[in-house]
Amino acid sequence: MKLEFISAGGGSSGGSASLPYTIFSCSLSYTGGGQPPNHLVLENSMGITMIITRTSTAEYTCTLNQAIDMSKATFFVGNTFSASGSCIWSGIEVINSTSFTLTTQENNVPVRQDGLFSRTLLEIKQFS
C-alpha cells in the first residue's frame with residue numbers, strides 16, 4: 001500500500017500543495033423565533049453561496065447558487081452543541097445537485113424542535 005501525504009499550507013488559503021478537493025464549510029447557529037439557522041462561512045474554495053430556508057419545525061432547505069457533482073461530493077454535519085448535555089442528532093437528505101435538507105432532533109424527545117444548531121459544522125467537499 002502506498003500512502004501519499006499532502007503538506008500543510010494548501011487549500012483555498014494558498015500555499016504550494018494542491019488538494020484533491022474543493023470545500024465549502026460553515027458554522028450553523030440557531031437564531032430563534034422560527035427562523036432558519038445563520039451560517040458563518042469558514043472556507044469556500046468551491047465558490048458557492050448558500051441560502052437556508054425553514055421548511056418546517058427543525059427542517060431546513062439549503063439551496064446552492066450552482067450545481068455540484070453529486071458523484072464526487074460528500075456532506076458532513078458535525079456535532080451539535082447542547083448546553084444541557086442532551087444527545088442531539090442531525091441529518092442531511094440530498095434533494096438534487098443544488099439543494100439538500102438539514103434536520104435536527106433531540107434524543108428521547110418525540111417531536112422535532114427548532115433551536116438545536118449551535119456552533120455546528122456543515123461541510124461539503126467535492127473531489128476532483
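Predicted model, so just to flag it, every value in this text is computed and none were measured.

Student: So what about the packing of aromatic side chains? Which residues, and what values?
Tutor: Considering all chains together, one arrives at 3 aromatic pairs under this definition. Sitting over the ring of Y21, K125 keeps its end group 4.4 Å from the ring centre.

Student: Break down the sheet that holds strand β5 (residues 73-77) for me, with residues and values.
Tutor: Read from one edge of the open sheet, 4 strands run β2-β1-β8-β5, paired in antiparallel fashion. Only two strands of the sheet have a single neighbouring strand rather than two, namely β2 (38-44) and β5. On average, each strand axis in the sheet is inclined to that of its neighbour by 15 degrees, with strand direction left out of account. Pairing of strand β1 (residues 21-29) with β2 involves 6 bridges; the strand directions are antiparallel.

Student: Can you break down unusual backbone geometry residue by residue, with the values?
Tutor: A positive phi is found at A58, a non-glycine position, where the angle reads about 60 degrees. In this fold, A58 is placed in the loop between β3 (50-56) and β4 (59-64). If you check the backbone angles, R119 has positive phi at about 55 degrees while not being a glycine.

Student: Let's hear about the pattern of salt bridges: which residues, and what values?
Tutor: Scanning the entire structure with this criterion turns up 2 salt bridges. Put simply, R54 and D114 hold a salt bridge, and the shortest N to O gap is 2.7 Å. You can see R54 sitting in strand β3 and its partner D114 sitting in the loop between β7 (99-106) and β8 (120-127), a full 60 residues away along the chain. Judged by its relative accessible area of 32%, R54 falls in the partly exposed class. You can call D114 partly exposed: its relative accessible area is 21%.

Student: Could you give an account of the side chain of S25, naming the residues involved and the relevant values?
Tutor: Relative to the helices and strands, S25 resides in strand β1. A relative accessible area of 5% means that S25 is categorised as buried.

Student: Residues and numbers for the pairing of strand β6 (residues 88-96), please.
Tutor: Pairing of β6 with β7 involves 8 bridges; the strand directions are antiparallel. What sits directly across from G91, in β7, is T103. Hairpin connection between β6 and β7: a loop of 2 residues separates the two successive antiparallel strands.

Student: Now, about the nonpolar core: what can you tell me, with residues and values included?
Tutor: Counting residues in hydrophobic clusters, the biggest one holds 18 residues, and the most contacted among them are M50, F100, L102 and L122. In this view, L102 contacts L28, A58, E59, Y60, C62, V77, G91, I92, F117 and L122; residues no more than four positions away in its chain are not counted.

Here is what the cut-offs are and how they apply
- Residues numbered from 1 in each chain as written.
- Predicted model: local features only at pLDDT ≥ 70, side-chain atom pairs only at ≥ 80, totals over all residues.
- Heavy atoms only, no water.
- Phe/Tyr/Trp six-rings, centres within 6.5 Å; stacked < 30°, edge-to-face > 60°.
- Lys NZ or Arg CZ within 6 Å of the ring centre and 35° of its normal.
- Pairing = 2+ DSSP bridges.
- Helix = DSSP H or I, 4+ residues; strand = E, 2+ residues; numbered from the N terminus.
- Axes fitted to C-alpha atoms, helices over the stretch in contact; angles between N-to-C directions.
- Salt bridge = Lys/Arg side-chain N within 4 Å of Asp/Glu carboxyl O.
- Buried < 20%, exposed > 50% of the residue type's maximum accessible area, 1.4 Å probe, protein only.
- Core = buried A, V, L, I, M, F, W, Y, C linked by side-chain atoms within 4.5 Å.
- Contact = heavy atoms within 4.5 Å.

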